[in-house]
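Commentary on secondary and tertiary structure
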Amino acid sequence: MSFFKGSPEDADHWDNEKLGIGGSDSDYNSNSIRTPLLRWRQSALLLNASHRFRYALDLRREEDRKQNLRLARAHAQAILAAYLFKAVGVQASEPPPSSSGDFSIGLDQLALISSDHNVSILQQYGGLKGLSDLLETNLDKGIQGDAAGLTKRRNAFGSNTYPRKKGRSFLMFLWEAWQDLTVIILIAAAVASLALGIKTEGIKQGWYDGESIAFAVILIIVVRAIINYIQSLQFQSLQEVKQNSCGEVIREGRRMEVSVCDVVVGDIVLLNIDDQVPADGVLISGNSLAIDESSVTGESRIAHKDSQDPFLMSGCKVADGNGTMLVTSVGINTKWGLLMASTSEDIGEELLGQVHSKGVLIFIGKAGLSIAVIVSVVILVRHFIHHRRAAGKEKVGDALDVTIKNIVTIAVSIIVVTMPERRTLVSTIALAHSVPKIMADKVLVRRLSAFETVASTTIICSDKTGTLTLNQMAVVEAYVGGKKIDPCNNKSELSPKLFSLLLEGIALNTKARVHVLEDTGDIEVFGSPTEKAILYWGKKLGMKFETIKSESPVIRVFPFNSETKRGGIAVQVSESQVHVHWKGATETVLASCAWYIDATDQLVALDEDKRLDAKKAIEDMAARGLRCIANAYRLYDIEKGPCNEEQLAQWALPEDDLVLLAIVGIKDPCQPGVKDAVQLCQNAGVKVRMVTGDNLQTAKAIALECGILGSDAEATKPNLIEAGEFLALSDIEREETVDGISVMGRCSPNDKLVLVQGLRKRGHVVAVIGDGINDAPALNEADIGLAMGISGTRAAKESSDIIILDDNFASVVKAVRWGRSVHENIQKFIQFERSANIAALIINVIAAISPGDVPLNAVQLLWVNLIVDTLGPLALATESPKDYLMHRPPVGRRESFTKNIIWRNLLIQTLYQVSVLLVLNFRGRSLLNLENDKSNHANEVKNTLIFNSFVLCQIFNEFNARRPDELNVFKGVTKNCLFMGIVGLTVVLQAIIIEFLGKFTSTVRLTWSQWLISMVIGFISWPLDFLGKLIPVPATPFNKFFTSFHPRCLSKKKGDSQDSIEELFQVVVDR
């Protein structure tokens, strides 16, 4: 199974067990959502039983994407076949054609080499050496990295980019908005209202209502299209950041990291396990190099690269080993470039807020239509009853036209109130606003839905190196030749043979690349911090890197393996002898050692006393927080080794009977401020656990320093445990132990995966921090996967949801804080939006079935809809995170957006608005002293005052929604310029509507006293909100009171596959 998230073949290889069909929440992982979605999409409601889903796929779009990918592969094959057909006349005996450009070989010839994968064609150009000469590349030092030379190569062979499909235009967003069923109904109602209005009132007066409805609907569509278009531009820029990856090349003899887009033909590219091949090329040298070509060919195939098959394709993954390659084709001239130019990167991701409410929105929309139909029937029945009583006083046709017009107006008003798309808009706005800001906090969100899910995190499983520590390592202690040397670089205490073997192992048994400065002889090291520390220690001992490298050719490399926790290398030192060097975890290497070299260069047996002495040295180093690494070697007879290249590729390096050379202690100081960040997590109800491959004593020392362990008294089982000991427990014992673990040492990738699974079975929402390909399983299994941006490998980043750009644990805390802020902002909007729409719906329905006019017409409610559903999210969903968010417990996995506090606040405001406005509707003429006015004018003034008061109630209530659970709703309001600007704009536009646009909104101008009455009605919502917050609410969510009385909910068993009843009640009550 591939652990690379997003690989095209992933979905086709899942079985039912991996999909988690029929299991509990914890049985699902981030890739196992397809089958549940297929079921849910066929249901009337889309239920989201937990917040653990990172994203949901638009299944139709996903199928289209796969089909497009298959077509693109076919097109790419056809284009490459055309190249081969073009070259079919070139005979093997003919000399290779020359180029008239800046290089001795042309683009067509390189394309033929890359596409045909024929070694004989490569030999026509002189093999690898001849090809490098034609490309003016030194196989050891690479190309010249000056700007002029790079430009010349791009002009001759192209750049490593490909044309991307453009994002959707603004017109596409407008077109999509027009496709909405609700909008179509509103437009149809506008046309009907226009026709009936002209028929009943004449063209001079009758066109106002229909035209006003149409104008208001168009305005809302345009405003929302603008907002969605702006958000799409922000998401596109985020996608570009996500896709911009880096690779390592050699230029001018120096190893450097460059953007993949800057790789040019002729570059020497270094490949390591987990890397993606950035361009087509030819292998220069490799050590057990295995390439996964499935992403390009569509076939699950691992190809082992050597001199017999040296061709590498862009877009493939390095599955194992390492090597270097010469770039021959880039960008659109590669098969991968053709694929990428023909496919879209859009995976159809839906935000959690959208998934949580999508089915419910359909339910609400249908409910609104049903209420509109019922009210229309009531009005129609009332019309016929009235017509029978008033028979002969008016024409039947005229009376019916007026009634139908009223029915259309009222039905449209109800539909507007229940217009369902608003709840997905707030999620989009909240995330689009937050993503650029959180990037400034060194956090890159790869999956937007994970940004919401992170608010529910209860456990953070963090690595030690580079996350809790600085990843700036240096060797500070050394145990060499059976004794501790002080200082650690005192070479006078080392015997000649031991000194020579130790420097040989340091210089050659490393994945890092060393560049020796010609003028000073100093070295620059490019590689992991651990490798750097050991190499710089070797330099201090007097290591001559170039000399050692030239004298001892490498014949076999065994890359570091996280399971065995060591890596090895075999070097030929003479015609008959090979030195096999090993480096890795002290326990693993020391267990394989049987000898050591003493001060007289004698080989001495590593007896039990000496072994205990070495272990004590390791424990002393680990107790001071040092990372311990052991070096060992053994002599091997070359006659016993492999005799050909095929056997060499399969040769397992001997790993027993080793000679211990050195044990070094590497200091890696803790990140500044990490202790405060850990304490902040503890205060927020998020437990931080250290999961590391290091020695348990080292992990304990760092955990105490970081605050994960409060004192030595806590450093006992099960708080402190080794992975092997944890796995040795039975399933029941592991489940009982897992909650108490704070530090786990000597942890392999599988151990980390088992730990995450155990935590999720206990109901925790788990975030895992990883940096290597071995972390991919745990990152996929976790609710939230976080990868390190600096030290993290490509596979870790692709398996993650969030990337920590600065490798700092404090940035993880910022991500949690932002996630909670997004969740709270959505809650604020829900409180604001529901109080307005419930009040409007109740007022209009009661007024419609009662004698008299409906106070809020369709145009007025469309304006309210614009305030509440478009301007509201902009004002409320863009609040920056506050410090108090990290003093609250995590958002529950099953917790709905509408918690009890939100229900209390919105019910108080709704009851107040409904009560006041209904009193004005039925007693407004007497209360406002309008009884002596003409009936029509009095009704217009009364309805205008109701409309104005209702809008001002929403403006004042917008302040209340800022702080749902705080008495002071004005705290920090002046610092939010966007909020204040939207409130000010709404007030100004409302005044313009009342005073100057009466014809379109069916309103009249109000006097200053009537404006004052409206202001007072709105203002009362502030003290009412203050008093309401003094009312306590139960801790148990309201929906639990409903589900607890349902017999199926009482009788259902844990893990039952038909456990959706509770969620159904939750969502229906919630919405």
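Positions within a chain are numbered from 1, following the residues in the order the chain's sequence is written. Totals for whole chains, interfaces and linings use all residues, but because this is a predicted model, local features are given only for residues with pLDDT of at least 70 and pairs of side-chain atoms are given and counted only at 80 or more. Note that the side-chain values use all heavy atoms of the structure and ignore hydrogens as well as water.

**Some words on the overall build of the protein**
Put simply, DSSP marks the helices as runs of H or I at least four residues long and the strands as runs of E at least two long, and each gets a number from the N terminus on. Check the secondary structure of the protein and you find 40 helices and 28 strands. The buried label applies to any residue whose accessible area, calculated with a 1.4 Å probe on protein chains only, is under 20% of its type's maximum; exposed applies above 50%, and partly exposed to all values in between. Burial status across the protein gives 54% buried among its 1071 residues. Any pair of residues with heavy atoms lying within 4.5 Å of one another is described as a contacting pair. Contacts in the protein between residues at least 24 apart in sequence constitute 73% of all its contacts with a sequence separation of at least 6.

**Let's talk about the packing of helix α30 (residues 809–849) against helix α31 (residues 858–876)**
Between α30 and α31, the least distance of the axes is 9 Å, while the angle of their chain directions is 170 degrees. Looking at the two axes, α30 sits roughly antiparallel to α31. Counted together, Asn825, Lys828, Phe829, Phe832, Glu833, Ala836, Asn837, Ala840 and Asn844 of α30 and Leu861, Ile867, Val868, Asp869, Gly872, Pro873 and Leu876 of α31 form the full contact between these two elements. Residues are grouped as follows: Ala, Val, Leu, Ile, Met, Phe, Trp, Tyr, Cys and Pro are nonpolar; Asp, Glu, Lys and Arg are charged; all remaining types, including Gly, are polar. Taken together, the residues that form the contact of α30 with α31 break down as nine nonpolar, four polar and three charged. The axes are straight lines fitted to the C-alpha atoms, using for helices just the contacting stretch, and the angles between their N-to-C directions are given from 0 to 180°. Under this scheme an angle from 65 to 115 degrees is roughly perpendicular, one under 35 degrees roughly parallel, and one over 145 degrees roughly antiparallel; angles in between are oblique.

**Things to note about the sheet that holds strand β11 (residues 459–462)**
Note: two strands are recorded as paired if DSSP finds a minimum of 2 bridges between them. Read from one edge to the other, the open sheet built from eight strands follows the order β10-β28-β27-β26-β11-β23-β25-β24, with strand pairing classed as mixed. Both outer strands of the open sheet, β10 (443–445) and β24 (720–722), are each paired with one neighbouring strand and no more. Each neighbouring strand pair of the sheet contributes to a mean axis angle of 20 degrees, computed without reference to strand direction. One ladder, built from three bridges, connects β10 with strand β28 (residues 802–804); its direction is antiparallel. Bridge assignment links Val443 to a residue of β28, and that residue is Ile804.

**Side note on a negative patch on the surface**
Grouping into patches uses exposed residues only, defined as over 30% relative accessible area, and leaves out salt-bridged ones; the cut-off is 9 Å for like charges and 5 Å for nonpolar side chains (Val, Leu, Ile, Met, Phe, Trp, Tyr). Computed with the Shrake-Rupley method and a 1.4 Å probe, the accessible areas treat only the protein chains shown as cover for residues. When a carboxyl oxygen of Asp or Glu is within 4 Å of a side-chain nitrogen of Lys or Arg, the pair counts as a salt bridge. When charges are counted, Lys and Arg contribute as positive and Asp and Glu as negative, whereas His and the chain ends are disregarded. The atoms used to mark charge sites are NZ of Lys, CZ of Arg, CG of Asp and CD of Glu. There is a patch of like negative charges on the surface, built from Asp607, Glu608, Asp609 and Asp613. With respect to the element layout, Asp607 can be found in the loop between β20 (603–605) and α21 (608–623). Look at Asp607 and you get partly exposed, because its relative accessible area is 43%.

**A word on the nonpolar core**
Soluble globular proteins: nonpolar side chains tend toward being buried together. As used in this record, nonpolar core signifies buried Ala, Val, Leu, Ile, Met, Phe, Trp, Tyr and Cys residues forming a set joined through side-chain atoms within 4.5 Å. One finds Ile460, Met690, Ile708, Val743, Leu786 and Phe809 to be the most contacted residues of the largest nonpolar core, which totals 48 residues. With nine residues, α30 is the largest single contributor of residues to this core. The residues touching Leu786, leaving out its near neighbours within four places in the chain, are Ala767, Val768, Ile769, Gly770, Leu779, Ser800, Ile802, Ile804 and Val812. Ile867, Leu920, Val941 and Ala961 belong to the second largest nonpolar core, which has 45 residues in total.

**Comments concerning the packing of helix α32 (residues 900–927) against helix α37 (residues 1021–1028)**
At their nearest, the axes of α32 and α37 sit 10 Å apart, and the two run at 140 degrees to each other. With respect to their mutual orientation, α32 and α37 come out oblique. Note on packing geometry: the crossing formed by α32 with α37 is right-handed. Within the contact between the two elements, α32 uses Arg904, Asn905, Ile908, Gln909 and Tyr912 and α37 uses Ser1021, Leu1024, Asp1025 and Gly1028. When its residues are assigned to classes, the contact of α32 with α37 shows three nonpolar, four polar and two charged. Handedness of each helix crossing follows the sense of rotation of the near helix against the far helix: counterclockwise by less than a right angle gives left-handed, clockwise gives right-handed.

**Notes on the confidence of the model for the protein**
For every residue, the predictor states its confidence as a pLDDT score lying anywhere from 0 to 100. The share of residues in the protein with pLDDT of 70 or more is 76%, and the mean pLDDT across the chain is 78. In the model, residues 87–95 has pLDDT below 50 throughout and makes five contacts with residues more than four positions away in sequence or in other chains.

**Regarding a nonpolar patch on the surface**
Taken together, the side chains of Leu985, Val988, Leu989, Ile992, Phe996, Leu997 and Phe1000 present a nonpolar region at the surface, about 590 Å² in accessible area. Mapped onto the elements, Phe1000 comes out in helix α35 (residues 998–1001). For Phe1000, a relative accessible area of 35% gives the class partly exposed.

**What about the pattern of salt bridges?**
Counted under the stated rule, the structure contains 30 salt bridges. A salt bridge links Arg627 to Asp694; the nearest nitrogen and oxygen atoms lie 3.0 Å apart. Separated by 67 residues along the polypeptide, Arg627 in strand β21 (residues 627–637) and Asp694 in the loop between β23 (687–691) and α24 (696–706) bring together distant segments of the chain. Relative accessible area serves as the criterion here: at 22%, Arg627 is assigned to the partly exposed category. The salt bridge partner of Lys882 is Glu879, with a shortest N-O separation of 3.2 Å. Classification of Glu879 by relative accessible area gives buried; the value is 2%.

**Side note on helix α8 (residues 170–178)**
Residues Phe173, Leu174 and Ala177 constitute the buried set of α8. What you see down the axis of α8 is that its buried residues fit within an arc of 100 degrees, all on one side. The exposed residues of α8 that point more than 90 degrees off its buried face are Leu171 and Trp175. Throughout, the arc means that of the directions going from the helix axis to the C-beta atoms.

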